[in-house]
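Structural features, examined
Given next are the chains, with one letter for each unit.
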Amino acid sequence: MNIIQSNEYGNVSLTQHTADVAILHVEHAKSKASVSLYGGQVLSWQPRGHEDVLWMSSATEYQSGKAIRGGIPLCWPWFGPFNDAGNHGFARQSQWKYTEITISAEHVTLVLEFVGEQCHGAWPHSFKLTQTLVFGEQFTQSLAITNRTDKTFECTGALHSYFRVSHPENVTVPNLDRCTFDDKITQQNGVADELVNCEGPIDRIYYTNQSQKIMDSGLRRIIDVESNGCEQWVLWNPGQAIADQMPDIHPGGFNEYVCLEAANTQWITVPAQQSIEMSQRVKVTPLDKHG
């Protein structure tokens, strides 16, 4: 483990986890966290006094060409399938670099960048992604998307957060109840229905940008998630039948998380030589404080 920055408040170190995957480790008085430079992917965030907020599969393969299962994969420059080019774009399977580390009394800030052009035949544009991660008692993540060309381009994307829960049947997301959604399982669009719990299979795109609360009666905690620059929320848990066909989910792992993803599932325009940003803020409070 190579410590690359430290002071009286904490430190950030770098390890070579596998041949393809280097991981930044954050140790701070307020929280600890880890981030893979492969995919620019947050793997964990644990504020002091709480269990880890994010879920990771113990069966994931940390190697080039394969997505890391868990944490917060970045779906970009497309969400879902696109022109037979595979799911969720190439950002989560690309190498990023860290450009800035700041350790203060309240938090640790990491800035990561991914610059490219002609990265995929289906999406050949020149771009820069700048991801700013702030780990403290709360966690904030912002993704700035810069168009480095002289023409507009379009993209979709999501902050594909895997939130650790006691069991999806113990979890409600009350602000999604009765909201309009498209159901990717039934292929019904524009549905509004009761959301009893988050037990899979469930795969919905909700058309709201309202802040959300993941209420977990098992872990007795609330995960508050607020997004900016995102127009939808994606709620996903594969359920057992689908998860059993996914070798990078360890046995029973599907019952340990709920994905609630701040997303832009519809194409958005990035003007030439300009930037847009999508972000989320996450905090955790004990459920007992809310009665």
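Everything below is about the structure shown above.
The following refers to the structure shown. (Residues numbered from 1 in each chain as written. Predicted model: local features only at pLDDT ≥ 70, side-chain atom pairs only at ≥ 80, totals over all residues. Heavy atoms only, no water.)

**Considering the pattern of salt bridges**
This is how the line gets drawn: Put simply, a salt bridge is a Lys or Arg side-chain nitrogen that is within 4 Å of an Asp or Glu carboxyl oxygen. What counts as a helix is a DSSP run of H or I of at least four residues, what counts as a strand is a run of E of at least two, and both are numbered from the N terminus. The buried label applies to any residue whose accessible area, calculated with a 1.4 Å probe on protein chains only, is under 20% of its type's maximum; exposed applies above 50%, and partly exposed to all values in between.
This model, assessed by the stated rule, comprises 9 salt bridges. Note that Lys30 and Glu106 form a salt bridge whose closest N and O atoms lie 3.8 Å from each other. Within this pair, whereas Lys30 is found in the loop between strand S3 (22-28) and strand S4 (31-36), its partner Glu106 is found in the loop between strand S7 (97-103) and strand S8 (108-116), the two being separated by 76 residues in sequence. The class for Lys30 is partly exposed, based on a relative accessible area of 21%. Asp248 is the salt-bridge partner of Arg69, the closest N and O atoms lying 3.2 Å from each other. In this pair, Arg69 sits in the loop between strand S5 (41-47) and strand S6 (74-75) while Asp248 sits in the loop between helix H1 (239-243) and strand S20 (257-270), placing the two residues 179 residues apart along the sequence. The pair formed by Arg69 and Asp248 is uniform in burial state, with each residue classed as buried. Residues joined by salt bridges that share partners form a network here, namely Lys30, Glu106 and Glu137.

**Let's talk about the layout of surface pockets**
Put simply, the rule is: Site definitions follow a grid-based scheme: protein atoms alone, a 1 Å grid, a 1.4 Å probe that fits but cannot get out for cavities, and for pockets an open set with protein on both sides within 12 Å along at least five of seven lines, plus lining residues having an atom within 4 Å of a point. Grid points are joined across faces, edges and corners, and a volume is the space filled by probe spheres set on the points. Gly is put with the polar residues, along with every residue not named as nonpolar or charged; the nonpolar set is Ala, Val, Leu, Ile, Met, Phe, Trp, Tyr, Cys and Pro, and the charged set is Asp, Glu, Lys and Arg.
In this structure, the largest pocket encloses a volume near 500 Å³. Forming the boundary of the largest pocket are 23 residues, of which Arg69, Asn87, His88, Arg92 and Met246 lie nearest the centre. What the second largest pocket holds in volume is close to 210 Å³. The wall of the second largest pocket is formed by Phe79, Gly80, Pro81, Asp182, Asp183, Lys184, Gln187, Asn189, Ile205, Tyr207, Thr265 and Gln266. When residues of the lining of the second largest pocket are traced back to their parent elements, those giving at least two are strand S14 (180-183) and S20. Split into classes, the residues belonging to the lining of the second largest pocket amount to 4 nonpolar, 5 polar and 3 charged.

**Regarding the sheet that holds strand S13 (residues 171-172)**
Rules: Any two strands with at least two DSSP-identified bridges between them are counted as paired.
The 8 strands lie next to each other as S7-S8-S9-S10-S21-S18-S17-S13, forming an open sheet whose pairing is antiparallel. Each having just a single partner strand, S7 and S13 make up the two edges of the open sheet.

**A few points about the sheet that holds S4**
Put simply, the test is: The axes are straight lines fitted to the C-alpha atoms, using for helices just the contacting stretch, and the angles between their N-to-C directions are given from 0 to 180°.
With antiparallel pairing, the 5 strands of this open sheet are ordered in space as S1-S2-S3-S4-S5. Two strands close off the open sheet at either side, each with one partner strand: strand S1 (2-7) and S5. Averaged over all neighbouring strand pairs, the angle between strand axes comes to 10 degrees, with direction disregarded. In this structure, strand S2 (residues 10-16) lies alongside S3, joined through 7 bridges in antiparallel fashion. Bridge pairing links Asn11 to Glu27 in S3.

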